[in-house]
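# Fold and geometry: a report
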Amino acid sequence: MSNINQLKSIHKYGTVISISVILSLVTGIIPSFVVSDWLWFSRSGSLLAIFGIYLIWQDYQAQINNDLDTLLDGFSDHLEKNTKNESTRDQIKEEVSNQFDKVRVANKKRFQNIEFCLVTLGTLIWAYGDLINKLY
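Here we summarise the structure given alongside this text. Given the structure is predicted, the values throughout are model-derived calculations rather than measurements.

On to a nonpolar patch on the surface. Together, Ile22, Val26, Ile30, Val34, Val35 and Trp40 make up an exposed nonpolar region whose accessible area comes to about 570 Å². A total of five residues in the nonpolar patch trace back to one element, the largest contributor, which is helix H1 (residues 3–35). Looking at the element boundaries, isoleucine 22 is found in helix H1. Residue isoleucine 22 is classed as exposed on the basis of its relative accessible area of 52%.

Now the structure itself:
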């Protein structure tokens, strides 16, 4: 897999998360409107909480960091093959490695925020989603 494709794969996680959350909520809201029973919306909250826990598990398994490591290894191999000067190569490797460390920290914070929000939102919907029926 080329470095560009690996980088696109890493950014695909955000898209998958967004689409999954939207689909989960929509599949709970539509039946709730149709049958006027908001238990379906409440059930979609439980799925959202489970999805958030799955993301926490994926983060724990460090899948995203593994993808970043694979990308960095591919770049290092490319650098080894195409750079003749060893000091320049080592300097570039260190700079790129430092940048990847910054990306790791940023991704870790971003995914922790997403995980917290998903589990919290899912739990709130799961607990109180059926009460929307009482509002109107």
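Between its first and last C-alpha, helix H4 (residues 86–128) extends 62 Å over 43 residues, near the 63 Å set by a 1.5 Å rise per residue. Every buried residue of H4 is accounted for by Arg89, Val96, Phe100, Arg104, Asn107, Phe111, Glu115, Leu118, Gly122 and Ile125.

Turning our attention to the packing of aromatic side chains. Describing an aromatic ring pair means giving the distance of the ring centres and the angle of the ring planes. For the coordinates displayed, the defined rule picks out two aromatic pairs. On the basis of an interplanar angle of 75° and a centroid distance of 5.2 Å, the ring pair of phenylalanine 33 and tryptophan 38 is categorised as edge-to-face. For phenylalanine 33, a relative accessible area of 52% puts it in the exposed group. Given the relative accessible area of 5%, tryptophan 38 is considered buried.

Basis of the calculations
- Residues numbered from 1 in each chain as written.
- Predicted model: local features only at pLDDT ≥ 70, side-chain atom pairs only at ≥ 80, totals over all residues.
- Heavy atoms only, no water.
- Patch = residues over 30% accessible without salt bridge, like charges linked within 9 Å, V, L, I, M, F, W, Y side chains within 5 Å.
- Areas by Shrake-Rupley, 256 points an atom, 1.4 Å probe, with all protein chains shown as cover.
- Salt bridge = Lys/Arg side-chain N within 4 Å of Asp/Glu carboxyl O.
- Helix = DSSP H or I, 4+ residues; strand = E, 2+ residues; numbered from the N terminus.
- Buried < 20%, exposed > 50% of the residue type's maximum accessible area, 1.4 Å probe, protein only.
- Expected span 1.5 Å × (residues − 1).
- Phe/Tyr/Trp six-rings, centres within 6.5 Å; stacked < 30°, edge-to-face > 60°.

Geometry only, nothing functional implied.
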